Amino acid sequence: MKRRFGIALLFSLALLSARAGQTATSLRFCLRAEPKTFDPILVDDGNSETIRYLTGGVLIRVNRKTQQLTPELATSWQVDHQGSRIVFHLRPNVKFSDGTPFSAEDVAYTMKRLMDPATHSPAADQFRSTDMPPRITVSSPLVISIVFAAPVAALDRLFDQVAIVSARSPLKIGAVLGPYLVAQYKPGSEVLLSRNPNYWKVDAKGIRLPYIDQLRLEIQQNRDIELVRFRRGELDLINSLDPDTFDDLARQSPHSVIDAGASLESEMMWFNQVTSAPLPAYKLAWFKSSAFRLAVSRAINRPDICRIVYRGHARPAEGPISPANQFWFNSALKPHPYDLASSRKLLEGEGFRLRGGLLYDQDGHAVEFSVVTNAGNRNRERIASMVQQDLGALGIHLNVVALDFPSLIERITKTFDYESCLLGLTNLDLDPSAQMNVWLSSAANHQWNPNQKQPATVWEAEIDKLMRAQAAETRAAVRKRYFDRVQEIVSQQAPFLYLITKNALSAISLEVLNASPVALTPQSFWNVEVLSKATSIAGIR
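Residues numbered from 1 in each chain as written. Predicted model: local features only at pLDDT ≥ 70, side-chain atom pairs only at ≥ 80, totals over all residues. Heavy atoms only, no water.

(A) Here's a closer look at the overall build of the protein. Across its full length, the protein carries 14 helices and 21 strands. Referenced to the eigenvectors of the C-alpha coordinate spread, the extents of the protein come out at roughly 80 × 55 × 40 Å. Taken together, the 61 basic and 54 acidic charged side chains of the protein have centroids lying 4 Å from each other. (Helix = DSSP H or I, 4+ residues; strand = E, 2+ residues; numbered from the N terminus. Lys, Arg positive; Asp, Glu negative; His and termini not counted. Charge placed at Lys NZ, Arg CZ, Asp CG, Glu CD.)

Here it is as structure tokens:
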């Protein structure tokens with residue numbers, strides 16, 4: 001990671017000038033689309049989540065760098081051994097942005113509204129282990145207990161996504177506890193956030209945070225325009241870059257780009273194993289064979305994909321969890337190796353034979369199938385092309401089919417009219433319980449064979465058992481052991497062929513001080529309250 005630290009000497013001067021009544025300091029970056037809501041309870045899209053992160057005060061925050069829990073509006077908390085009851089002790093003398101006092105009544109109001117089925121809050125699902133509402137008890141203005149009807153895995157971590165709403169403020173959701181408040185919204189143009197005058201945090205010198213006065217979030221879908229504006233100095237950061245753009249910027253301004261290492265984003269491929277899919281029986285037999293899947297996986301040159309498609313800003317994927325997920329990553333796993341000899345041996349063991357440069361199964365069917373992916377994603381189309389070339393070395397003919405995204409989703413979730421699929425995966429939540437809807441055989445997002453009434457295989461039944469066991473367990477080490485085994489099974493059985501894990505790439509103006517990009521969202525401004533601007537060096541590149 002390269003940054004110019006010498007300019008940090010200007011920090012105190014920049015801060016003093018802003019506080020002395022001179023022009024307000026602003027941080028400028030883009031949202032990729034309109035936020036769907038400003039109600040923190042209803043957030044279900046990335047742009048609204050950005051607003052919630054910047055404006056919402058939470059009881060507990062997952063530190064995006066250390067990935068550890070840190071106290072925020074709660075100074076301490078206790079979870080019982082069953083994982084169903086949590087008691088919060090709240091920070092005293094805290095006020096909402098409009099001056100309304102903060103108390104346990106606000107926490108109770110927020111949780112009742114969040115858990116009300118009529119609210120349809122996406123954040124409620126991770127708390128909802130049964131249909132029974134939680135029992136909430138306010139013991140004093142600064143103490144509250146919440147008891148759920150059944151254990152909730154990683155209960156305390158879930159409160160990172162719960163922004164507390166005032167029960168009494170006339171501004172309702174307009175009164176916030178985070179570092180910024182929504183000052184203005186111009187649909188199609190920008191969201192202006194202003195510094196919360198009542199924000200409770202101060203720095204080591206007693207200066208009230210945040211340092212920057214305004215955040216100007218421009219609504220801009222066109223990434224080329226975003227890049228041009230960054231180069232002109234009209235934007236201060238780009239939160240996520242593709243590898244080509246990253247390298248282009250690196251040549252022009254090497255100190256403004258940051259490769260933070262492995263992200264939580266990966267690219268993967270899977271085969272359709274749905275028995276009722278409109279596919280020939282012999283192809284379903286291929287796809288249901290773990291030996292066939294592993295043979296295909298070992299024929300894919302992952303290092304080449306990282307080098308050619310991602311210009312070295314990616315790594316071969318080990319499995320469903322990125323090494324960026326510090327606790328849950330199974331470090332004993334290795335990426336499937338590029339090994340054509342091993343692939344051929346696995347295929348021969350299943351009765352496949354090579355004749356005239358083409359691979360045939362034991363019944364004489366030529367091995368040919370298609371992979372669907374979304375049109376317009378240049379890197380994904382490049383990956384598909386490289387996989388096509390790699391499989392050709394085994395005598396397999398792969399057809400690449402690029403579809404518009406709605407048509408692709410229709411095929412992989414409703415009609416199941418596809419043979420294999422190449423898509424990306426982003427695990428926004430570090431905890432494996434958030435992936436229950438993928439790993440349970442009965443789940444709708446169990447992509448290779450969803451909605452099973454009974455597990456189709458012994459190994460899927462074992463994953464079901466392990467995932468339910470980790471969700472019911474409160475001891476972190478035991479949960480880790482269960483989920484490590486899930487990752488081992490997935491590596492051995494290859495229902496998903498994990499190809500690469502992308503690096504977290506961003507660009508930050510040299511005027512922005514204290515930036516420390518990370519893998520977790522929001523990568524570049526996770527520590528927004530301590531970011532500052534060295535305005536006196538504007539224009540330097």
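(B) Summary view of the packing of aromatic side chains. Following the criterion strictly, the structure yields 26 aromatic pairs and no others. Each ring, one from Phe96 and one from Phe102, has its centre 6.3 Å from the other, and the planes form 70 degrees; the classification is edge-to-face. Look at Trp439 and Phe496: their rings are 5.9 Å apart centre to centre, the planes differ by 75 degrees, and that puts the pair in the edge-to-face class. Linking Trp439 in helix α12 (residues 436–439) with Phe496 in strand β19 (residues 496–508), this pair joins segments that are 57 residues apart in sequence. You'll find Trp439 and Phe496 in the same group, each marked buried. Taken together, Phe271, Tyr282, Trp286, Phe287, Phe292, Phe352 and Phe369 form an aromatic cluster joined through their ring pairs. Geometry around Tyr360 places Arg355 over its ring, the cationic atom sitting 4.1 Å from the centre. (Phe/Tyr/Trp six-rings, centres within 6.5 Å; stacked < 30°, edge-to-face > 60°. Buried < 20%, exposed > 50% of the residue type's maximum accessible area, 1.4 Å probe, protein only. Lys NZ or Arg CZ within 6 Å of the ring centre and 35° of its normal.)

(C) Expanded view of the layout of surface pockets. Size it by volume and the second largest pocket reaches roughly 380 Å³. Lining the second largest pocket are 23 residues, with Ala154, Arg157, Trp328, Ala476 and Arg479 sitting closest to its centre. Tallied by class, the residues present in the lining of the second largest pocket amount to 11 nonpolar, seven polar and five charged. (1 Å grid on protein atoms, 1.4 Å probe; cavity = no way out; pocket = protein on both sides within 12 Å on 5 of 7 lines; lining within 4 Å. Points joined across faces, edges and corners; volume = space filled by probe spheres on them. Nonpolar A, V, L, I, M, F, W, Y, C, P; charged D, E, K, R; others polar.)

(D) Here's a closer look at the pattern of salt bridges. Following the criterion strictly, the structure yields 30 salt bridges and no others. Glu267 is the partner of Arg380 in a salt bridge, and the nearest nitrogen-oxygen pair spans 2.7 Å. Of the two residues, Arg380 is situated in helix α10 (residues 378–392) and Glu267 in strand β12 (residues 257–271); the sequence distance between them amounts to 113 residues. Glu267 matches Arg380 in its accessibility class, with the two residues each being buried. Several salt bridges share partner residues, and in doing so they unite Asp244, Asp247, Arg311, Arg378 and Arg382 into one network. (Salt bridge = Lys/Arg side-chain N within 4 Å of Asp/Glu carboxyl O.)

(E) Expanded view of the sheet that holds strand β1 (residues 26–31). The four strands lie next to each other as β1-β10-β9-β8, forming an open sheet whose pairing is mixed. Strands with a single pairing partner mark the edges of an open sheet, and in this sheet they are β1 and β8 (180–186). When the angles between neighbouring strand axes are averaged without regard to direction, this sheet yields 20 degrees. Summarising the sheet, strand β9 (residues 190–195) and strand β10 (residues 214–219) pair through five bridges and their orientation is antiparallel. Pairing of Leu193 across the sheet is with Leu215, part of β10. (Pairing = 2+ DSSP bridges. Axes fitted to C-alpha atoms, helices over the stretch in contact; angles between N-to-C directions.)

(F) Summary view of empty space enclosed by the protein. According to the stated counting rule, one finds six cavities of 30 Å³ or more in the structure shown. The calculated volume of the largest cavity comes to roughly 80 Å³. The wall of the largest cavity is formed by Arg302, Ala317, Glu318, Gly319, Pro320, His336, Gln487, Val490, Ser491, Phe496, Leu497 and Tyr498. Split by residue class, the lining of the largest cavity holds six nonpolar, four polar and two charged.

(G) Looking closely at the pairing of strand β16 (residues 368–374). Burial within β16 is extensive, with six of its seven residues counted as buried. By the bridge criterion, seven bridges tie β16 to strand β17 (residues 397–403) in an arrangement that is parallel. The partner of Val372 across the bridge, within β17, is Val401. In this region the chain leaves β16, passes through α10 and returns to the parallel neighbour β17; the handedness of that crossover is right-handed. (Right-handed = clockwise from strand over helix to strand, strands pointing away.)

(H) Here's a closer look at the environment of Val182. Topologically, Val182 is positioned in strand β8. Distance in space between the C-alpha atoms of Val182 and Leu54 is 9.4 Å, their sequence separation being 128 residues. If sequence neighbours within four positions are ignored, Val182 has contacts with Phe38, Ile51, Thr55, Val191, Leu192 and Leu193. (Contact = heavy atoms within 4.5 Å.)

(I) Representation of the pairing of strand β6 (residues 135–140). As paired strands, β6 and strand β7 (residues 143–147) are joined by five bridges and run antiparallel to one another. The residue bridging Ile136 from the neighbouring strand is Ile146, located in β7. Connecting the antiparallel pair β6 and β7 is a turn made up of two residues.

(J) Region of the structure containing helix α5 (residues 243–252). Taken residue by residue, α5 has Pro243, Asp244, Thr245, Phe246, Asp247 and Leu249 as its buried positions. Close packing links the buried residues of α5 with α4 (223–231), β12, α10 and β19. Capping the start of α5, Asp242 holds a side-chain oxygen 3.1 Å from the backbone nitrogen of Asp244, two or three residues further along. (Polar contact = N/O pair within 3.5 Å; in protein donor to acceptor, adjacent residues only side chain to side chain.)

(K) Highlighting unusual backbone geometry. Looking along the chain, the bond that leaves Leu209 and enters Pro210 is cis, with omega of -5 degrees. Here Pro210 shows up in the loop between β9 and β10. In this model, Thr521 is joined to Pro522 through a cis peptide bond whose omega is -5 degrees. Looking at the secondary structure, you find Pro522 in the loop between β20 (512–513) and β21 (532–533). You will see that Gln67, though not glycine, has its phi angle at about 65 degrees, which is positive. Relative to the assigned elements, Gln67 resides in the loop between β2 (60–62) and β3 (69–71). Despite not being glycine, Lys172 shows a phi value in the positive range, around 55 degrees. Of note, Lys172 is situated in the loop between β7 and β8.

(L) Just the nonpolar core, in detail. Counting 70 residues, the largest nonpolar core has Trp270, Phe292, Phe369 and Trp439 as its most contacted members. Residues within four places of Phe369 in sequence aside, it is in contact with Met269, Phe271, Lys283, Phe287, Phe292, Leu391, Ile396, His397, Leu398, Asn399, Glu419 and Ser420. Of all hydrophobic cores here, the second largest spans 37 residues; its members include Ile86, Ala108, Leu114 and Ile136. (Core = buried A, V, L, I, M, F, W, Y, C linked by side-chain atoms within 4.5 Å.)

(M) Main features of the packing of helix α13 (residues 458–472) against helix α14 (residues 476–493). Contact pair α13 / α14: the axes reach a minimum separation of 9 Å and the direction vectors enclose 160 degrees. With respect to their mutual orientation, α13 and α14 come out roughly antiparallel. As α13 runs across α14, the sense of the crossing is left-handed. On α14, the residues that touch Trp459, Glu462, Ile463, Leu466, Met467, Ala469 and Gln470 of α13 are Arg479, Tyr482, Phe483, Arg485, Val486, Ile489, Val490 and Gln493. (Parallel < 35°, antiparallel > 145°, perpendicular 65-115°, else oblique. Left-handed = near helix turned anticlockwise from the far one by under 90°.)

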